[in-house]
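Listed below, chain by chain, are the residues.
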Amino acid sequence: MKTTLLLLSFLFTSFLAAQITGNVTDKQGNSLPFVNIYIQDTYTGTTTNGLGYYELNVSEAKKYTLVFQYLGYKQLIKEVTPSTFPYSLDIVLEEESVSLSEVVINATEDPAYEIIRKTIAQHKVNQERIAQFTADFYSRGLWRVSDMPEKILGQDVGDFDGALDSTRTGIIYLSETISEIAYQQPDDFKEKIIASKVSGNDNGFSFNSAQDANFSFYNNTIDISAAIVSPIAVNGLSYYTYKLDGVFYEGDKLINKITVTPRRPKDRTFSGTIYIVEDDWQLYGVELSTTGEAIQVPMIENLFFKQNFTFDENENAWVKISQSIDFAFKFFGVQGDGRFIAVYSDYDFKPNFEKRSFTNEVLSFGLEANKKDSTYWQSSRPIALTSEEFNDYIKKDSIQTLRKSQKYTDSIDAKGNKFSLLDPIMGYSYRDTFNKWSLNYKGPIPNINYNTVQGWNGGVGLNYFKGYNENNTSWLSANVDATYSIAEDRVRFDGGITRSFNQTNRRRISITGGNKVSQYNAAEPISPIINTITSLFFERNYMKVYDLTYARVGYGQEIINGLRVNTSFGYEKRRHLFNNTDYVTLPKDDINYTTNNPLDANAVNNPLLASHETFKSYLSADITFAQKYMSYPDGKYNLGAGKYPRLNLSVENGIGINNSDINFTQLSARLRQRITLRNKGETIYNLKASTFIHGDDILFADYQHFNGNQTRIGTSGNYTNVFNLLPYYEMSTNKSHVEGHIEHDFKGWILGKIPGINQLNFNLVAGAHALSIEGKKPYTELSLGIDNLGIGKYRLLRLDYVRSFYGDQNKGAFVFGLKFLNFIQ
């Protein structure tokens, strides 16, 4: 019944609307998708959908001059005088015949090169031609799956809330937005979403945004995960070859059709066709493609960009009116394709912006933006839905109420909650979707590790989660873990409870406590997995631990945009632990396990920590300067630091309960930033400084420890928080110190230019690391490595050569990076 009503509503609004509708085809009757159609000398228009059908909303019955524009076809101007609506108008476009008859041919160079040089000479002018504007913006995003396995890495995929049919195909994402946007050079931007629609979710909000779709080929690079060089970049001639295919006229404007081809096949470049207006030296249109390999997003097969421009006489500028991005993806057995469409209209190039017209809020939503009915959408969307898209809305909207009902969600949960034979040892999850809670059991097998203090150890755990609103932006989580160590014959329990109140200021309170084995460096520079391997097979027990009994309360929230404060205070009881086993799988005659004393490898009976109790407090301020953010109805989503660094200031206090000698205060500061240098790669730096007040007699557990690495195995995506040749506790200190890391990933800028090597799609990475401690000689490391190693799409490896310098010591070693461990630890 609901499906019937939706269909009737759609038909009813179609006949009521003042619309000019029809199909656009070529002479052979083939539908032409995404043809631009607009009323002459205005920005009122539409675009044909993927099947060549269009609906143009007009104000009244009168004479209109319509312009039909499609790259590769002759522009058609048609006068119509509709008297009744909807008014049907089918159009046949004639393929543009390009010619070289008017081109002066140079025997030594293709004429395209001179056109490109003149366009590049206009680079700055073209960038600044439209310094500010407001406009209406429409976008539609679609992800379609053509093959979806039932399981990925052993985990059930499900049917994506009914999106997949029995053949495991279907639309898994369909969304539309209508927005008002504003722009001012150089980088001020804001968007207000007036209407948002997500197929199958009447409370959903689309994540399509105008800023994400703002790709300008007048910029030197187009940022799509990686920086891709534009064919009309100032250095474009170093990256592309050009060929003039021919010219044609649009009115009195001569349009040059130019094929662009990368000089090197694995460069971060496009290939395809660009159209440049003679004398204006501006873009008329682009049809360009690149690959997932080029942008280094393994799941993407290819991307195809198409942009159309129209001439604005008042601004003497060719203005973008539509854009489509088509893509195909394939990963872990999942295959599919998708498209994002953008339409720009109602430009105003003389807005009266004020000083406060632009703030750090770059996106907001109008009142009830996700509650617009079908009448609104039918009259407002500039691109008609295809039958596939229309049917997807009908299908998912009609079953939405059913899929949200307790009866249905309980039936789906019953499938997922089935208990299997291996669940007691591997883990199990129980979910109650309707009441928004779940219970996860961690089995012992995935958590089994080995160290010389606990021997073989593993544990079980329970985690409870409860959501309190539609999108679970307010929630409660509680967990308890039990760990048993064979060598100690002891069970330890610890756990906690956390309450998060909202997604706006992320106010959060937590209570944690229990007993556990803790590394002296709380950052845990050596993972239990790596320590297990190095201990059993190389007799290198690098992990050094102590016994910690604790109770702690924490609180955090964003005070104002860009300023988040976190604090915690609690009780700790700490004591030394000794080795309890010397088991090794592959014994080494010349190597023995060291003691659990990080300062003395042979101190068998010399405890580093006498049993003691202390009260500790911590306060930090995380400052993100000029932080941009998006305001969604369900919360605030921060976009990070952008062009400014992020600063963290903290103070930690320790007060001995029975021993005031171990009291201390530590003041710390940290500055970090990620800087994109266009097609030349990306630089990350991380600077730290710290000093102690009354820290002369503090315990080793309260020292400042530095993230070293003695395993020669890297486990992080980048090395801006680790010294890869530094022994874990050799430089630990209670003195003032400064630490700095910087790393630059060239993202193919160097290796992509070397014949042969450029076929491998590797990235050259260079880094420098320094540590200066009061009273000690400085320690430094220099590194040079190759990232993006792997086979095919699976590129999660890295190899670096690192050289360290400390006094008269000079050491070198290779570090093999296993970046996937960063995701599974």
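As a reminder, the structure under discussion sits directly above these lines.
Residues numbered from 1 in each chain as written. Predicted model: local features only at pLDDT ≥ 70, side-chain atom pairs only at ≥ 80, totals over all residues. Heavy atoms only, no water.

Asks: Summarise the overall build of the protein chain; cite the residues concerned and give the values.
Replies: When its secondary structure is counted, the protein chain shows 10 helices and 44 strands. Taken across its 825 residues, the protein chain has 48% of its residues classed as buried. Contacts in the protein chain between residues at least 24 apart in sequence constitute 61% of all its contacts with a sequence separation of at least 6. In the structure as shown, the protein chain presents an accessible area of about 39,100 Å², 55% of it carried by carbon and sulfur atoms. (Helix = DSSP H or I, 4+ residues; strand = E, 2+ residues; numbered from the N terminus. Buried < 20%, exposed > 50% of the residue type's maximum accessible area, 1.4 Å probe, protein only. Contact = heavy atoms within 4.5 Å. Areas by Shrake-Rupley, 256 points an atom, 1.4 Å probe, with all protein chains shown as cover.)

Asks: Mind laying out the nonpolar core, listing which residues take part and the relevant values?
Replies: Counting 48 residues, the largest nonpolar core has I224, I258, F270, I274 and I276 as the members making the most contacts within it. Not counting residues up to four positions away in its chain, the partners in contact with I276 are I115, I116, T119, I232, L254, I255, N256, I258, W281, Q282 and L283. (Core = buried A, V, L, I, M, F, W, Y, C linked by side-chain atoms within 4.5 Å.)

Asks: If you had to explain the pattern of salt bridges to someone new, which residues and values would you point to?
Replies: Summed over the entire model, instances satisfying the criterion amount to 36 salt bridges. Here E389 and R140 are joined by a salt bridge, their closest N and O atoms 2.8 Å apart. Here R140 lies in strand 9 (residues 132–147) and E389 lies in helix 6 (residues 387–404), a separation of 249 residues in the sequence. Exposure class is identical for E389 and R140. Each is buried. Measuring nitrogen to oxygen at the nearest pair gives 2.7 Å for the salt bridge that ties E488 to R492. Look at the salt bridges and you will find they share partners, linking R552, E572, R574, K616, E652 and D702 into a network. (Salt bridge = Lys/Arg side-chain N within 4 Å of Asp/Glu carboxyl O.)

Asks: Tell me what's going on with the sheet that holds strand 6 (residues 76–80), and back it up with residues and numbers.
Replies: Read across the sheet, 4 strands follow the order 3-2-5-6 without closing on themselves; strand pairing throughout is antiparallel. Looking at the sheet topology across the chains shown, the edges are occupied by strand 3 (45–47) and strand 6. Sheet twist, expressed as the mean angle between neighbouring strand axes with direction ignored, is 20°. Bridge analysis of strand 5 (residues 64–69) against strand 6 gives 5 bridges, and the strand direction is antiparallel. Looking at strand 6, one finds that F68 is bridged to L76. (Pairing = 2+ DSSP bridges. Axes fitted to C-alpha atoms, helices over the stretch in contact; angles between N-to-C directions.)

Asks: A description of helix 2 (residues 111–121) should follow, citing residues and the corresponding values.
Replies: Among all positions of helix 2, only P111, A112, Y113, I115, I116, T119 and I120 are buried. Where the residues of helix 2 are buried, they touch helix 3 (123–128), strand 16 (240–250), strand 17 (253–262) and strand 18 (271–277). Capping of helix 2 at its N-terminal end is provided by D110; its side-chain oxygen lies 2.9 Å from the backbone amide nitrogen of A112. (Polar contact = N/O pair within 3.5 Å; in protein donor to acceptor, adjacent residues only side chain to side chain.)

Asks: Describe helix 9 (residues 528–538), and please don't skip the residues or the numbers.
Replies: Those residues of helix 9 lying buried are I530, N531, T532, T534, S535 and L536. Positive backbone phi, at 55°, marks E539, one or two positions downstream of helix 9.

Asks: Break down the packing of helix 6 against helix 7 (residues 406–416) for me, citing the residues and quoting the values.
Replies: Running from N to C, helix 6 and helix 7 point in directions that differ by 75°, and their axes come no closer than 4 Å. It follows that helix 6 is roughly perpendicular to helix 7 by the angle criterion. Of helix 7, the residues touching helix 6 (which contributes L402, R403 and K404) are Q406, Y408 and T409. Of the residues belonging to the contact of helix 6 with helix 7, the class tally is 2 nonpolar, 2 polar and 2 charged. (Parallel < 35°, antiparallel > 145°, perpendicular 65-115°, else oblique. Nonpolar A, V, L, I, M, F, W, Y, C, P; charged D, E, K, R; others polar.)

Asks: Please give an account of the packing of aromatic side chains that cites residues and values.
Replies: For the structure on display, the rule yields 50 aromatic pairs. Measuring from ring centre to ring centre gives 6.2 Å for Y240 and Y242, while their planes differ by 45°; the resulting arrangement is tilted. Judged on exposure class, the residue Y240 and its partner Y242 are both buried. Seen from their ring centres, Y450 and Y583 are 6.1 Å apart, and the 75° between their planes marks the pair as edge-to-face. Linking Y450 in strand 26 (residues 449–451) with Y583 in the loop between strand 32 (563–576) and strand 33 (612–624), this pair joins segments that are 133 residues apart in sequence. With relative accessibility at 2%, the residue Y450 sits in the buried group. Ring pairing ties together the aromatic residues Y43, F133, F137, Y183, Y344, Y347 and F349, which thus form one cluster. For K253, the ring lying beneath its charged end belongs to F311, and the centroid distance is 4.5 Å. (Phe/Tyr/Trp six-rings, centres within 6.5 Å; stacked < 30°, edge-to-face > 60°. Lys NZ or Arg CZ within 6 Å of the ring centre and 35° of its normal.)

Asks: Can you explain the pairing of strand 44 (residues 809–818)? Please cite residues and give values.
Replies: Across 2 bridges, strand 39 (residues 713–714) lies against strand 44 in parallel orientation. By the bridge assignment, I713 is partnered in strand 44 with F816. Bridging between strand 43 (residues 794–806) and strand 44 involves 10 bridges; their strand directions are antiparallel. Residue L797 lies in a different strand from strand 44, and its bridge partner there is L818. What sits between the antiparallel neighbours strand 43 and strand 44 is a turn of 2 residues, in which G807 has the positive phi angle 60°.

Asks: Help me get a handle on the pairing of strand 17, residues and values and all.
Replies: Note that strand 16 and strand 17 share 10 bridges and pair antiparallel. Within strand 17, the position partnered with T241 by the bridge is T261. The turn linking strand 16 back onto strand 17 is made up of 2 residues, and G251 within it adopts a positive phi angle of 65°. As judged from the 6 bridges shared by strand 17 and strand 18, these two strands associate in the antiparallel manner. Across the sheet, V260 pairs through a bridge with G272, a residue of strand 18.

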